[in-house]
Amino acid sequence: VVSTQSTGSSGINAEYGGGARRGEVTYTFDGEILTLTLGEGGTSIRWNGFNGVQIITPPNRRTCGLCGNNNMKQDDEFLSRWVGRVKETYTFISSWQLPQNRECYNKRSGGNGYQEAKEKCSELFFNPYMLKCQDKLPVEKYEIACGRAVTTSTYEGWRAECNVLQSYVLECETQGLNLRRWREETKLRNS
């Protein structure tokens, strides 16, 4: 339960957690990413305005679902919604998804145009400007996701590779890197 009352251009008084506690929800918008922060030093939610969401929690805040349990132990993650612990990433993610058209999820790598799309994506991820993040965050999974997104995208005027690269940049920023010029450096400025 969240009830809000505007307090100006960057603050909202909110009661959240079913009335159990009160906090302030603040937001910032840098022209590209909308960031909501719950309480002082609390959880942040970053949204790219289309389909990319990043949730950042303090290390001591317990979580569940797609966020895992936030106990800093990777060997006890992948707790699915219905059947307990699973080993396959796809099975884990699918257990938490909302009902929708599954066409996008059923398209695996290797379809028409996938290899060409993946090569196009690789050029972006291996741009000299982007290389500074690869020691902290490998690009292989992002390249695959980018290739799939490009070959399955049905949104006219939307560049899927731009959205996946933006997700990579957001994750790099949580690792302490500044990649704010990624659009200019990768020539995706007008995307």
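Below is a short write-up of the structure. Quantities reported herein were computed from a predicted structural model and do not represent experimental measurements. What you see as residue numbers is a count from 1 along each chain, following the sequence as written. The predicted origin of the model limits local features to residues at a pLDDT of at least 70 and limits the giving and counting of side-chain atom pairs to 80 or more, whereas totals for whole chains, interfaces and linings rest on all residues. Side-chain calculation: all heavy atoms of the structure are included, whereas hydrogens and water are not.

1. Quick notes on the overall build of the protein chain
Of the regular secondary structure elements, the protein chain holds six helices and six strands. Contacts spanning at least 24 positions in sequence make up 35% of the contacts within the protein chain whose residues lie at least 6 apart. Working definition of accessibility: Shrake-Rupley area with a 1.4 Å probe, residue cover restricted to the visible protein chains. About 12,700 Å² of surface is accessible on the protein chain, with carbon and sulfur atoms providing 51% of the total. Comment: elements are numbered from the N terminus, with helices defined as DSSP H or I runs of at least four residues and strands as E runs of at least two. Contacts between residues were defined by any pair of non-hydrogen atoms, one from each residue, lying within 4.5 Å.

2. Things to note about the state of the cysteines
What we call a disulfide is simply a covalent bond connecting the sulfur atoms of a pair of cysteines. The rule for a disulfide is simple: a pair of cysteine sulfur atoms within 2.5 Å. Tallied over the entire structure, the rule returns two disulfides. Across a sulfur-sulfur distance of 1.9 Å, Cys 121 and Cys 146 are joined as a disulfide pair. Around the S-S axis, the bridge from Cys 121 to Cys 146 shows a dihedral of about -75 degrees and counts as left-handed. One end of the pair, Cys 121, is in helix α3 (residues 114–125); the other, Cys 146, is in helix α4 (residues 140–152), and 25 residues separate them in sequence. Each member of the pair Cys 121 and Cys 146 is classed as buried. Only protein chains enter the accessibility calculation, which uses a 1.4 Å probe; a residue is then buried when its area is under 20% of its type maximum, exposed when over 50%, and partly exposed in between.

3. Re the packing of α4 against helix α5 (residues 160–174)
Axis definition: a line fitted to C-alpha atoms, over the contacting stretch in the case of helices. Angles run 0 to 180 degrees between N-to-C directions. Direction vectors running N to C along α4 and α5 enclose 155 degrees, while the axes themselves pass 8 Å from each other. Compared by their axis directions, α4 and α5 come out roughly antiparallel. In this structure, α4 meets α5 at a crossing whose hand is right-handed. From α4, Tyr 142, Ala 145, Cys 146, Ala 149 and Val 150 reach across to α5, where they touch Ala 160, Glu 161, Val 164, Ser 167, Tyr 168 and Glu 171. Throughout, the ten residues Ala, Val, Leu, Ile, Met, Phe, Trp, Tyr, Cys and Pro are labelled nonpolar, Asp, Glu, Lys and Arg are labelled charged, and all others, Gly among them, are labelled polar. For the contact of α4 with α5, a count of residues per class yields eight nonpolar, one polar and two charged. Roughly parallel refers to an angle under 35 degrees, roughly antiparallel to one over 145, roughly perpendicular to one between 65 and 115, and oblique to any angle outside these ranges. For any pair of crossing helices, the crossing counts as left-handed if the nearer helix is rotated counterclockwise from the farther one by less than a right angle, and right-handed if it is rotated clockwise.

4. Examining the nonpolar core
In this text, buried Ala, Val, Leu, Ile, Met, Phe, Trp, Tyr and Cys residues form a nonpolar core when linked through side-chain atoms within 4.5 Å. Grouped together as the largest cluster of nonpolar side chains are 22 residues, with contacts concentrated most on Phe 125, Met 130, Tyr 168 and Trp 182. Put simply, the parts of the chain that give this core at least two residues each are α3, α4 and α5. Per-element tally for this core: the top contributor is α5, with seven residues. If we ignore the near neighbours within four places in the chain, the residues touching Phe 125 are Met 130, Gln 134, Val 139, Tyr 142, Glu 143, Cys 146, Val 164, Leu 165 and Tyr 168.

5. What to know about the side chain of Ser 80
In this fold, Ser 80 is placed in the loop between β6 (53–56) and α1 (89–96). Setting aside its immediate chain neighbours within four residues, Ser 80 contacts Val 86, Phe 92, Ser 95 and Trp 96.

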